[in-house]
Amino acid sequence: MKNGELAIEILENNGYEAYFVGGCVRDMLMGIVPHDFDITTSALPEETVAAFDGFRVILTGLKHGTVTVLIENEPIEITTFRSDGEYSDHRRPESVSFSRKLEDDLSRRDFTVNAMAYSKRTGLIDLYGGKEDINKRLIRAVGEPEKRFTEDALRILRALRFASEKEFFIEPETAKAILKCLPLIEFVSAERIFSELKRLIMGKGAERVMMDYPEVICRVVPALADCVGFDQHNPHHIYDVYRHTVRALGACPFDIDVRLAALLHDVGKPSTFTLSDGVGHFYGHTDASLSLAKETLDLLKCDNRTADTVLTLIKYHDPVIEPTEKAVKRLMNKIGSENLDKLLSLKAADNLAQSPDCAARLVTYDGIRRIMGEIESKKECFSLKSLEVNGDDLIAIGVPKGKEIGALLERLLGAVMDGEAPNDRQHLIALAMKFRKG
Ligand code: ATP
Ligand code: MG
C-alpha cells in the first residue's frame, strides 16, 4: 500500500493522474488485505518509465501499457488508461488504445465491484455503484450485461468465481445474460476455464454457486450433465447425483486435489445405474467415473501431477477401509500417506453428503488417521524405501537381476507390513532364501 501510494505520488508530481484500481480497491473496501496493488495512470508507458528514473523498471507488457516498478523490492504494476477496441473472437479485443481519460479505463472493466479507482488525492472514484454492490454483495456487469459477456465469454466464469470466492450473489440481469451467452464459452481456452473453475470450487460459496448455476458448471464439465436431477432411488442416497456431488464438494477441506476428486467422483453413476426391487445400484460406477474423470481432466488440460492424484482419490473413494494396522499400511504403501490423508477427507465429505446415517462412518476415519499417525511415529515400514533389504542384498545371495528381484522385495514388504516378519536385514535375507526355495 505504502509503496503503491509512493508510485501514485511520483506520477502525480510528474503531472499525470494515477490511481489504485480494480481488485485491490474492491478488497480494501471489503476489509480484505489485497494480494497485489494495480495502478492505472494517464501517463503513457514511456512517460511512466521516465517518471521512475532511478528505480528498477521492468517492461512487463509494454504493448498492453504495463510497466512494473520495483519499490523496496515490491513489484508495482502500472498500466496506462486503456480503452478496448472491437471484440471479434468473444475473448480478446482486436486492439487496445491508450487513453488520457480514467472513465475509458473503468468502463472496460468487467464488474462494478472491480471498476473502482482510488487515490489519496481524489478519494474513491466509483462511476458504476461498485461500493453499493459490495454492500449488497452483488456481482453486476458494468454496462449492458449481454454485450459484456458477448465481448469476452471468460467473464461468465469470472462472475461465478467471484460470487464463490467473495460469497456474493449475481445480480438478476447479469445472471440472465450469463445463461444467454453460455454457448460462447467454447471460445475460451481450456487453460483459462480450468483456472477459473479451480478458483470457483475453492471458494467459500462454491456449494451455493454450483447449485444456482448447474448449466454453467455442466458446460465446462460436461461429464456432470447427466448427474443433474438423477434420482438414486436409494435410502442411503437421498440427493440426486449432482446435488450429492455439490454437497460433498462443499464438505471438503480447501484442498484442490480433494475438491476436484469430489467434483468428479460420481460422474460414472448415471451410466451404471440399475434398479432392483425398487432400489438403485451403481455397480462398477468407480471405473466409469475414472474414465470420465480422466477425459474431463484431459479436456481441461489439467497438469499430470494433479490429474494423477485426483484419479487415485476417485479410484479408492468407494471401498471401505478397515481400521486395522494391516489394511492402513497396505493403503499407505499403495497410494502414499499424503494421498491417504486426502482420501480420508474425500470419504468423509462423501458420507456427509449422503443420508444422515452415513455420517456415523466418520469416526472410522478418525480411527484410521490415528493408526496412520502411529505407523508414522513408530517409523514402521510400509514402502520398499524403508525396507531393510534392497535389490543389491538379493543379488548378493544369488538372485538374478530382473523381475524376480522386484517380486521378492514386494513379498518381503508384504510380510513385514502384515507383521509376519520383522523389518530386519538378516531376517529378511533368510526369508528371501526360504521364499526362493519355495
Ligand atoms: P484477483 O486478483 O483477486 O483475482 P482481481 O479483480 O484483481 O481479483 P484480476 O484478474 O487480477 O482480478 O484482474 C484485475 C482487474 O482487471 C479486475 O479487477 C478487472 O477490473 C479487470 N479485468 C480482469 N479481467 C477482465 C476481463 N476479462 N474483462 C474485463 N475486465 C477484466
Ligand atoms: Mg489481481
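Everything discussed here concerns the structure shown above.
Quick caveat: nothing in here was measured; it's all calculated off a predicted structure.

Q: Teacher, can you tell me more about the sheet that holds strand S5 (residues 74–80) here?
A: Sheet strands associate in pairs through backbone hydrogen bonding, adopting either a parallel or an antiparallel arrangement. Across the sheet, seven strands lie side by side as S3-S4-S5-S2-S1-S8-S9; this open sheet has mixed pairing. Each having just a single partner strand, strand S3 (56–61) and strand S9 (123–125) make up the two edges of the open sheet. On average, each strand axis in the sheet is inclined to that of its neighbour by 35°, with strand direction left out of account. Sheet strands in contact with helix H1 (residues 2–13) are strand S1 (18–21), strand S2 (38–41), strand S4 (66–71), S5 and strand S8 (117–119), and its direction is about 150° off that of S1.

Q: Explain helix H19 (residues 362–377) to me, please; I cannot follow it from the model alone.
A: For an α-helix, the turn length of 3.6 residues means that residues three or four places apart are oriented alike. Over its 16 residues, H19 runs 23 Å from end to end, which matches the ideal 22 Å to within 8%, given 1.5 Å per residue. Within H19 the residues assigned to the buried category are Tyr365, Gly367, Ile368, Ile371, Met372 and Ile375. The buried residues of H19 occupy an angular sector of 155° when the element is viewed end-on, so they sit on one face. Facing away from the buried side of H19, by more than 90 degrees, are the exposed residues Val363, Arg370 and Ser377. On the buried face of H19, the contacting elements are helix H17 (325–335) and helix H18 (337–352). Trailing H19 by a residue or two, Lys379 shows a phi angle of about 50°, which is positive.

Q: When you look at the pairing of S1 in this model, what are you seeing that I'm missing?
A: Consecutive side chains along a regular strand alternate between the two faces of the sheet. What you see with S1 is no split at all: Ala18 and Phe20 on one side and Tyr19 and Val21 on the other are buried throughout. Both S1 and S2 contribute to a ladder of three bridges, which runs antiparallel. Bridged to Tyr19 within S2 is Thr40. By the bridge criterion, two bridges tie S1 to S8 in an arrangement that is antiparallel. Within the sheet, the bridge partner assigned to Val21 lies in S8 and is Ala117.

Q: When you look at the pattern of salt bridges in this model, what are you seeing that I'm missing?
A: Pairs can form between side chains of opposite charge whenever their charged atoms are close. Taken as a whole, this structure holds 35 salt bridges when the rule is applied. A salt bridge links Arg108 to Asp105; the shortest N-O distance between them is 3.4 Å. With respect to burial, Arg108 and Asp105 carry one shared label: buried. In this structure, Arg161 and Glu165 form a salt bridge, with 3.3 Å as the shortest nitrogen-oxygen distance. One end of the pair, Arg161, and the other, Glu165, are both in helix H7 (residues 154–166), four residues apart, so they sit about a helical turn from each other. Accessibility expressed as a relative area gives 23% for Glu165, which makes it partly exposed.

Q: Before we go on, may I ask you to explain the pairing of S5 in this structure?
A: With four bridges connecting them, S2 and S5 associate as parallel partners. Along S5, the bridge assignment pairs Ile39 with Ile78. Bridge count for S4 against S5 is six bridges, and the pairing is antiparallel. Looking across to S5, one finds that Thr68 is bridged to Glu77. What sits between S4 and S5 in their antiparallel hairpin is a turn of two residues, with Glu72 showing a positive phi close to 50°.

Q: Could you clarify how one ought to interpret the site of ligand 1 in this entry?
A: In the vicinity of ligand 1, 14 residues are found, and the nearest of them are Arg26, Asn114, Asp152, Arg155 and Arg158. One nitrogen or oxygen atom from the main chain of Gly23 is found 3.3 Å from an oxygen atom belonging to ligand 1. Between ligand 1 and Asp152 there is a distance of 2.8 Å, counted from a nitrogen atom to a side-chain nitrogen or oxygen. If ligand 1 stood free it would expose 580 Å²; the protein chains cover 80% of that surface. Counting only elements with at least two residues in the shell around ligand 1, the list comes to helix H2 (23–29) and H7. Here the shell around ligand 1 gets four residues from one element, more than from any other, and that element is H7. Split by domain, the residues of the shell around ligand 1 number at least three in each of domain 1 (1–133) and domain 2 (137–220).

Q: Help me understand the side chain of Thr68 in this model?
A: Among the structural elements, Thr68 can be located in strand S4. Judged by its relative accessible area of 5%, Thr68 is buried. Only 2.8 Å separates the side chain of Thr68 from the side chain of Thr60, close enough to count as a polar contact. If we ignore the near neighbours within four places in the chain, the residues touching Thr68 are Arg56, Val57, Ile58, Thr60, Pro75, Ile76 and Glu77.

The rules we used
Residues numbered from 1 in each chain as written. Chains lettered and ligands numbered in written order. Predicted model: local features only at pLDDT ≥ 70, side-chain atom pairs only at ≥ 80, totals over all residues. Heavy atoms only, no water. Pairing = 2+ DSSP bridges. Helix = DSSP H or I, 4+ residues; strand = E, 2+ residues; numbered from the N terminus. Axes fitted to C-alpha atoms, helices over the stretch in contact; angles between N-to-C directions. Contact = heavy atoms within 4.5 Å. Expected span 1.5 Å × (residues − 1). Buried < 20%, exposed > 50% of the residue type's maximum accessible area, 1.4 Å probe, protein only. Arc of directions from axis to C-beta. Salt bridge = Lys/Arg side-chain N within 4 Å of Asp/Glu carboxyl O. Near = heavy atom within 4 Å. Polar contact = N/O pair within 3.5 Å; in protein donor to acceptor, adjacent residues only side chain to side chain. Areas by Shrake-Rupley, 256 points an atom, 1.4 Å probe, with all protein chains shown as cover. Domains from an automatic or database assignment.

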